Every structure is written in C-alpha cells, then in structure tokens.
Amino acid sequence: QVQLVESGGGLVQAGGSLRLSCVASGRTFNIVAMAWFRQAPGKEREFVARLSWRGTSTYYADSVKGRFTISRDNAKNTVYLQMNNLKPEDTAVYYCAADLDYSGGVYSRFAYDYWGQGTQVTVSS
C-alpha cells in the first residue's frame, strides 16, 4: 500500500507561482517514478510531469515545459511541483501519482498505481 497526500494549492494571479507537495507513505520502496496530473472542469485528466524516484529522468507536457519543475526529496518521501508564470489555463485540480511497475508508459493515467486526493489550483487573469 502507498498513500499520497498533496498540499500547496491555492488562488494566484496570472504570472504568479505556487509550489505543490506530495508526501508518500507506506511501501514507498517499491516506487519507481512519481508524476503530476491535472484535471480541469469538464476535461479529462492530463499528464503534467514525471520524475524517476531514484534516477534523474524527467518528462514534461509541452504546455508546462519551461514553467514547471518537478523535483523530489527522497529523505522526506516527497515530490514537488514548482509552478512559475502561471496562466489561467493552468487552473485545475492537481494530482500526484505513483508508478510501481513501469507498465503503461509515462503519459497515460493508467500507468500509475496510486493517487493523491488532489489539490485545487486557481489562476485568475
């Protein structure tokens, strides 16, 4: 079992920044990668970023590349998403997810085995 708890969402103006955190607990030694997804009202959940848990491989959606940075602190079992130069179209519920078996690739939500509860990010124009 892996539990993921997210925090850091909020309301910001366009151009502002937020830092999201996701703390993993339970059988964290089996995690091979962590990712962030987001879901806006009426839209499907979409991939945002991914980071290998013990390696250095990163992946970003084109829509956030250059603005968002995914990072980790293994000692704290925590993954972060630093979001800079936020835009109104970034408004969504942001979820962290854990990949335990490499199945499903990188970008599909079906590749991930555990999910956090989500944290709301709202960007005003």
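Scope of this entry: the structure provided in the associated data block. Predicted, not measured: the structure shown is a model, and the values here were computed from it.

1. Details of the side chain of Ser 21
Okay, so step 1: Relative to the helices and strands, Ser 21 is located in strand 3 (residues 18–26).
Okay, so step 2: Every residue in contact with Ser 21, bar those within four places of it in the chain, is listed here: Val 5, Glu 6, Ser 7, Trp 36, Thr 78, Val 79 and Tyr 80.

2. Some points on the pairing of strand 7 (residues 68–73)
Okay, so step 1: Sheet analysis places strand 7 next to strand 8 (residues 78–83), joined by 6 bridges and oriented antiparallel. Residue Ile 70 lies in a different strand from strand 8, and its bridge partner there is Leu 81.
Okay, so step 2: Connecting strand 7 to the next strand, strand 8, in antiparallel fashion are 4 residues, including Asn 77 with a positive phi near 50°.

3. Details of the state of the cysteines
Okay, so step 1: Applying the stated rule across the entire model yields 1 disulfide.
Okay, so step 2: Two residues, Cys 22 and Cys 96, share a disulfide whose sulfurs are 2.0 Å apart. One disulfide, between Cys 22 and Cys 96, carries an S-S torsion of 50° and so falls in the right-handed class. Linking Cys 22 in strand 3 with Cys 96 in strand 9 (residues 92–99), this pair joins segments that are 74 residues apart in sequence.

4. Comments concerning the environment of Arg 72
Okay, so step 1: Structurally, Arg 72 can be placed in strand 7.
Okay, so step 2: Between the C-alpha atom of Arg 72 and that of Leu 51, which follows or precedes it by 21 residues, the distance is 8.0 Å.
Okay, so step 3: Apart from residues lying up to four places away in sequence, Arg 72 is in contact with Leu 51, Ser 52, Trp 53, Arg 54, Gly 55, Thr 78, Val 79 and Tyr 80.
Okay, so step 4: At a separation of 2.7 Å, a polar atom in the side chain of Arg 72 contacts the side chain of Asn 74.

5. A look at the pattern of salt bridges
Okay, so step 1: For the coordinates displayed, the defined rule picks out 5 salt bridges.
Okay, so step 2: Between Lys 65 and Asp 62 there is a salt bridge, with the nearest N and O atoms lying 3.5 Å from each other.
Okay, so step 3: A network of salt bridges, in which partner residues are shared, links Arg 38, Glu 46, Arg 67 and Asp 90.

6. Here we look at unusual backbone geometry
Okay, so step 1: A positive phi angle, close to 50°, is found at Asn 77, a residue other than glycine.
Okay, so step 2: Looking at the element boundaries, Asn 77 is found in the loop between strand 7 and strand 8.
Okay, so step 3: For Tyr 102, which is not glycine, the phi torsion reads 70° and is therefore positive.
Okay, so step 4: Of note, Tyr 102 is situated in the loop between strand 9 and strand 10 (114–115).
Okay, so step 5: When its relative accessible area of 59% is taken as the criterion, Tyr 102 is described as exposed.

7. Here's the deal with the pairing of strand 3
Consecutive residues of a regular strand have side chains that alternate between opposite faces of the sheet.
Okay, so step 1: Inspection of the sheet shows strand 1 (residues 2–7) paired to strand 3 by 6 bridges, in the antiparallel sense. Looking at strand 3, one finds that Val 5 is bridged to Val 23.
Okay, so step 2: Looking at chain direction, strand 3 and strand 8 are connected through 6 bridges and run antiparallel. The partner of Cys 22 across the bridge, within strand 8, is Val 79.

Quick notes on the rules
Residues numbered from 1 in each chain as written. Predicted model: local features only at pLDDT ≥ 70, side-chain atom pairs only at ≥ 80, totals over all residues. Heavy atoms only, no water. Helix = DSSP H or I, 4+ residues; strand = E, 2+ residues; numbered from the N terminus. Contact = heavy atoms within 4.5 Å. Pairing = 2+ DSSP bridges. Disulfide = S-S within 2.5 Å. Polar contact = N/O pair within 3.5 Å; in protein donor to acceptor, adjacent residues only side chain to side chain. Salt bridge = Lys/Arg side-chain N within 4 Å of Asp/Glu carboxyl O. Buried < 20%, exposed > 50% of the residue type's maximum accessible area, 1.4 Å probe, protein only.

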